[in-house]
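An overview of the molecular structure
Okay, here's what each chain looks like letter by letter:
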Amino acid sequence: MAWFLTKRRRINPVYAAFMVVAFMMGIAGALQAPTLSLFLSREVEVRPFWVGLFYTVNAVAGILVSLLLAKRSDNRGDRRKLIMVCCLMAVANCVLFAFNRHYLTLITIGVLFASIANTAMPQIFALAREYADSSAREVVMFSSVMRAQLSLAWVIGPPLSFMLALNYGFTTMFLIAAGIFVISLALIFFALPSVARIEQPADVALTQISGWKDKNVRMLFIASMLMWTCNTMYIIDMPLWISSDLGLPESLAGLLMGTAAGLEIPAMILAGYYVKRFGKRRMMVVAVAAGVLFYVGLIMFHSRAALLVLQLFNAVFIGIVAGIGMLWFQDLMPGRPGSATTLFTNSISTGVILAGVLQGTLAESYGHYSVYWLIAGLSVVALALTSRVQNI
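Residues numbered from 1 in each chain as written. Predicted model: local features only at pLDDT ≥ 70, side-chain atom pairs only at ≥ 80, totals over all residues. Heavy atoms only, no water.

- Per an unreviewed UniProt entry, the protein is named Sugar efflux transporter, and its organism is Dryocola boscaweniae.
- Database annotation for the protein, UniProt heading Subcellular location (unreviewed entry): "Cell inner membrane".
- According to the UniProt record, the Sequence similarities (unreviewed entry) comment for the protein reads "Belongs to the major facilitator superfamily. Set transporter family." (UniProt positions renumbered as here; feature names shortened; annotations may be inferred.)

So, in structure tokens, the structure goes:
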């Protein structure tokens, strides 16, 4: 379906380049993220609390760095050059993790590299939004198809990540990720455009000052933060939970993540197709309701088959939230695609901060099962807040 829709719109080389870059960088990220908790607990040999703390520190640094870079990117400079710098930091981060097993080094230098590297993706989406606006392309579908590339990357990445890490070692896995980032850097340099900034009128400039003062922006930020808190707690805890408590094979974690990502693709494309008919709020409410069902299901059902079936709800949740959520921020903050996209990604980072602290503390003090009760409760709060945000 994605191919048919994009084919009808006559894909040009720049359009295709955005898709390929999103896919390649998604693959590189999907190689690292799923096994990070296993890497820290087994290779670096730290307790669950320190695993959670690493996620928290990484997210705090990511917020600070991304806010500084987003402000600069929206006001001056070539956004494409900033993306290339971020890619270089991603390569450095992968090489560091490949050969270093010292926790203090990883949580300082590694986190610094990662916080700069993680800014690349929101900046790519901001550049894509500017390109779509300047070339009169349909923004929602363009963004949805790009998000689908990330989901496709996560179909392949997690199973490949666990296969490489468990069979060939973490060093091999991180070096392969570094190589993919190098290829992405070359694609960005040769294929992505530099889009001229459009001068905003005075009334739009007001949103640059009052964006955060808008109650809808605040509610959406808090709701998004809670959604990603739930998702991150699940990602951190699930690989450890299924092996230590459920007695299931470790490789199942990669299969679950890959299955969810594969199902996200049609959810994401359909969301982009139907958003004009149903509106962003209604679709987001449906997505978060699916998330509530998913997390309640994790409390109730623990077999391999049940966990795989539940990924359908997880896919609807993440597939719609990841695509429509970002566009909702951009619509609520017109004229500032970089800052709006970064605010969305910072809601993710803030969620990671909470997730790291909560998961590490709960898992160490009360066991893995308690994590999922809290996740279910937080998802209900996110649902209530989402339903109150203005529909645009």
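Thoughts on the pattern of salt bridges
- Scanning the entire structure with this criterion turns up two salt bridges.
- Measuring nitrogen to oxygen at the nearest pair gives 3.0 Å for the salt bridge that ties Glu 43 to Arg 101. Placement of Glu 43 in helix α3 (residues 36-43) and of Arg 101 in the loop between α5 (79-99) and α6 (103-117) is noted, with a sequence separation of 58 residues between them.
- Residue classification places Arg 101 among the partly exposed positions, given a relative accessible area of 27%.
- Between Glu 364 and Arg 47 there is a salt bridge whose closest N-O contact spans 3.2 Å. Of this pair, Glu 364 sits in helix α15 (residues 337-366) while Arg 47 sits in the loop between α3 and α4 (48-75), and the two are 317 residues apart along the sequence. (Salt bridge = Lys/Arg side-chain N within 4 Å of Asp/Glu carboxyl O. Helix = DSSP H or I, 4+ residues; strand = E, 2+ residues; numbered from the N terminus. Buried < 20%, exposed > 50% of the residue type's maximum accessible area, 1.4 Å probe, protein only.)

Observations concerning the packing of aromatic side chains
- Enumeration over the complete set of coordinates arrives at 15 aromatic pairs.
- Grouped by ring-pair contacts, the aromatic residues Phe 39, Phe 49, Trp 50, Phe 54, Phe 97, Tyr 103, Phe 170 and Phe 174 constitute a single cluster. (Phe/Tyr/Trp six-rings, centres within 6.5 Å; stacked < 30°, edge-to-face > 60°.)

Concerning helix α11 (residues 215-244)
- Taking 1.5 Å of rise per residue, 30 residues should cover 44 Å, and α11 covers 43 Å from first to last C-alpha, within 8% of that figure.
- Bending of α11 peaks at approximately 45 degrees at the position of Asp 237, with proline Pro 239 no more than four residues after it.
- Judged by how many residues are buried, α11 sits mostly within the fold: 24 of 30 residues are covered. (Expected span 1.5 Å × (residues − 1). Bend = angle between axes of the 7 residues up to and from the residue.)

Quick word on the environment of Ala 98
- Examined against the element boundaries, Ala 98 turns out to sit in helix α5.
- The spacing of Ala 98 and Phe 170 is 72 residues in sequence and 6.5 Å in space, taken between C-alpha atoms.
- If near-sequence neighbours (up to four positions away) are discounted, Ala 98 is found in contact with Thr 171, Phe 174 and Leu 175. (Contact = heavy atoms within 4.5 Å.)

A look at the environment of Leu 263
- Its location among the elements puts Leu 263 in helix α12 (residues 251-278).
- Put simply, Leu 263 and Leu 312 are 49 residues apart on the chain and 6.5 Å apart in space, counted from C-alpha to C-alpha.
- Ignoring any residue separated from it by four or fewer positions in sequence, one finds Leu 263 in contact with Gln 311, Leu 312 and Ala 315.

Some words on a nonpolar patch on the surface
- On the surface, Leu 263, Leu 293, Leu 312 and Phe 313 cluster together into a nonpolar patch covering about 330 Å² of accessible area.
- Relative to the elements of secondary structure, Leu 293 occurs in helix α13 (residues 280-300). (Patch = residues over 30% accessible without salt bridge, like charges linked within 9 Å, V, L, I, M, F, W, Y side chains within 5 Å. Areas by Shrake-Rupley, 256 points an atom, 1.4 Å probe, with all protein chains shown as cover.)

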